[in-house]
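If you want the building blocks of each chain, they are given just below.
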Amino acid sequence: MSAYRTGDPLDRRRFLTAAALRGATVIGTGALSASALSTGVLGTRATGTTGTTGVIGATALGAVDADAAFAAPIRPLDPAVARSAFAEGRIAAINGDVLEVAGSYGDHSRVRITGATSVWKGRATTAADIETGDGLYARGLPLPDGTLAADAVWVNIVNLHATIRGIEKTRLHLAHGQHEIIGNLMAERTSAAYGDASPTADLSRLTIGQSAQVLGAWRPSDGSVDLVRVAVAPGAGRRR
């Protein structure tokens with residue numbers, strides 16, 4: 001099972017789903033420094049097949065926005081609350097409210113979606129948008145039956161360092177190592193962060209040759225990435 005508790009030697013903050021690059025989990029570079037995106041709020045309890053399960057809300061296990069997938073885990077303030085566990089991989093099957101997940105290292109996990117689960121797939125959404133073949137990163141609490149009761153699920157999330165190689169009206173051409181990536185610009189959703197400034201809808205200061213950290217959601221259908229935020233280094237994007 002690929003669910004593991006915080007504190008294990010494996011640094012879960014460095015994982016991201018980037019199947020657009022090689023069909024498997026690759027090592028990322030940590031959380032973006034720009035402000036977090038607001039995407040949703042969890043409930044406080046949910047009912048599973050094994051009875052009433054203490055699925056704890058965001059204030060106990062951490063935030064549920066996109067940046068929270070890469071943030072340092074927090075310790076529950078209530079000593080009665082179990083520490084959070086995590087699972088990652090590709091969704092091999094969906095059986096009712098349970099996602100069968102093939103982990104990146106040949107392991108397997110079962111992630112249970114509850115009425116309190118927050119789902120991110122480029123934006124705050126619902127479990128109805130989760131599909132077989134999607135990449136998944138989940139946080140939650142382990143149940144007695146071996147499943148992970150998820151309080152937050154990030155689907156197809158991508159967090160990469162890249163170089164802007166081309167700019168079009170509806171997309172960016174990005175280079176990540178030896179890989180070329182098409183980044184889809186989404187009206188009213190894609191933002192840019194210039195240095196330490198707050199994200200803005202103004203993308204006009206993005207230029208070819210800039211190094212950027214991109215946060216978005218991979219599209220399994222064509223390998224492109226829907227860009228949620230493009231962050232460039234301090235001093236970048238200044239008007240001359």
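Residues numbered from 1 in each chain as written. Predicted model: local features only at pLDDT ≥ 70, side-chain atom pairs only at ≥ 80, totals over all residues. Heavy atoms only, no water.

> What should I look at first to understand the packing of aromatic side chains in this one?
Each aromatic ring pair is summarised here by two numbers: the centre-to-centre distance and the angle between the ring planes. Enumeration according to the criterion identifies two aromatic pairs in this entry. Among the aromatic side chains, those forming a connected cluster through ring pairs are F86, Y137 and W154. (Phe/Tyr/Trp six-rings, centres within 6.5 Å; stacked < 30°, edge-to-face > 60°.)

> How should I be thinking about the nonpolar core in this particular structure?
Looking at soluble globular proteins, one finds that nonpolar side chains tend to be buried together. Membership of the largest hydrophobic core comes to 18 residues, with the highest contact counts inside it found for L172, L174, L206, A212, V214, L227 and V230. Those elements giving two or more residues to this core turn out to be β12 (157-167), β13 (171-176), β14 (179-185), β15 (191-194), β16 (211-218) and β17 (225-232). If we skip the residues at most four places from it in the chain, L172 touches G166, I167, I181, I182, G183, L185, L206, L227 and V230. A87, I91, V101 and A150 belong to the second largest nonpolar core, which has 15 residues in total. (Core = buried A, V, L, I, M, F, W, Y, C linked by side-chain atoms within 4.5 Å. Buried < 20%, exposed > 50% of the residue type's maximum accessible area, 1.4 Å probe, protein only. Helix = DSSP H or I, 4+ residues; strand = E, 2+ residues; numbered from the N terminus. Contact = heavy atoms within 4.5 Å.)

> What am I meant to see in the pairing of β12 here?
Taken residue by residue, a regular strand's side chains alternate between the two faces of the sheet. In terms of burial, β12 is largely enclosed, as eight of its eleven residues are buried. When β12 meets β16, the two strands line up antiparallel, connected through seven bridges. Counted as the bridge partner of I157 is A217 from β16. Of the pairings in the sheet, the one linking β12 to β13 comprises four bridges and is antiparallel in character. Across the sheet, residue G166 finds its bridge partner in β13, namely H173. What sits between the antiparallel neighbours β12 and β13 is a turn of three residues. (Pairing = 2+ DSSP bridges.)

> Just to check I follow, could you spell out the environment of D129 for this structure?
One can find D129 in the loop between β9 (124-125) and β10 (135-142). With ten residues separating them in the primary sequence, D129 and V119 have C-alpha atoms 8.8 Å apart. Look past the residues within four positions of D129 in its chain and what remains in contact with it is K121, R123 and D134. Here the side chain of D129 touches T125 through a polar contact of 2.2 Å, side chain to side chain. (Polar contact = N/O pair within 3.5 Å; in protein donor to acceptor, adjacent residues only side chain to side chain.)

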